[in-house]
Amino acid sequence: SSPTSFVGHASLPPAWHAGARGDGPSGRGAPPPNALPRLKCVAIDDDELQRELHRSILKHCFMAEPAESCVVGSTSAEHDAFVGICMGTLDAKLQPVRRSDQRQADVAIVDHRMQWPDEKPAADDAAAARGLVLGTDLAFKLQEAGFRGVVCMVTAESGQDAAELARMPGVDAVYEKGMV
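My aim in this report is to walk through the structure given alongside it, one point at a time.

Conventions adopted
- Numbering of residues starts from 1 in every chain and runs along the sequence as written.
- pLDDT decides what is reported in this predicted model: residues at 70 or higher carry local features, side-chain atom pairs at 80 or more are listed and counted, and totals for whole chains, interfaces and linings draw on all residues regardless.
- Computation of side-chain values: all heavy atoms of the structure, hydrogens and water removed.
- Accessible area is worked out with a 1.4 Å probe on protein chains only. A residue is then buried under 20% of its type maximum, exposed over 50%, and partly exposed in between.
- Numbering of helices and strands runs from the N terminus, with a helix taken as a DSSP run of H or I at least four residues long and a strand as a DSSP run of E at least two residues long.
- At least two bridges found by DSSP between two strands is the condition for calling them paired.
- Here the expected length of a helix is defined as 1.5 Å per residue gap, with one fewer gap than residues.
- Whether two residues are in contact is decided by their heavy atoms: any pair within 4.5 Å suffices.
- For the purposes of these results, a polar contact is taken to be a pair of N or O atoms within 3.5 Å, where, inside protein, one atom must be able to donate a hydrogen and its partner to accept one; residues adjacent in sequence count only when each atom of the pair is a side-chain atom.

1. Regarding the pairing of strand E7 (residues 150-155)
Line of reasoning, step 1. Counting buried positions along E7 gives 6 out of 6 residues, so the element sits mostly inside the fold.
Line of reasoning, step 2. Pairing geometry for strand E4 (residues 107-111) and E7, over 5 bridges, is parallel. If you follow valine 107 over to E7, its bridge partner there is valine 150.
Line of reasoning, step 3. Bridge count for E7 against strand E8 (residues 173-176) is 4 bridges, and the pairing is parallel. Each bridged residue has a counterpart across the sheet, and for threonine 155 the counterpart in E8 is glutamate 176.

Written out as structure tokens, the structure is:
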């Protein structure tokens, strides 16, 4: 069997795209009065190139709300704040958000394996486990916090391994790096 580029069970309502508002690439004029707000998307990845890819995906594929959507992961502090950002209690600058302005993310994109430069382990096996952050742990934390959005896991794994990730608690969909 060939590798699967996208596995999971998540789907968004058909109206949840910028074109439904009239302001997407093919849209014209003002959004219809009953239009849903644009998606709020939050992505986390420890790799700068992958963060740039996520920014492009959020802008051009998801047509995410630019004022509320963000890509984080350049520091361990951003990792620590990720659940708060997704839950709407923190903004992209890691500052508290007033309760009346809080909005959960609609989509959370999470790298499966992350380490930050200030936490890169030494070459020995005991240190190799230190500093490694699994996206499945973040997905579980989001689930525990009451996150109602879709969690997409990004992984270098393929085929059966990616399918197994899609069955993990809190994970709605998985896509493989290099397949997007």
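Continuing now.
2. Details of helix H2 (residues 48-61)
Line of reasoning, step 1. With 14 residues, H2 extends 19 Å between its outermost C-alpha atoms, agreeing within 8% with the 20 Å of an ideal straight helix rising 1.5 Å per residue.
Line of reasoning, step 2. Looking at the packing, one finds that the buried side of H2 touches strand E2 (41-44), strand E3 (70-72), E4, E7 and E8.
Line of reasoning, step 3. Capping the start of H2, aspartate 47 holds a side-chain oxygen 3.2 Å from the backbone nitrogen of leucine 49, two or three residues further along.
Line of reasoning, step 4. Phi turns positive, to about 50°, at methionine 63, one or two residues after H2.

Don't take any of this as a statement about function, it's just geometry.
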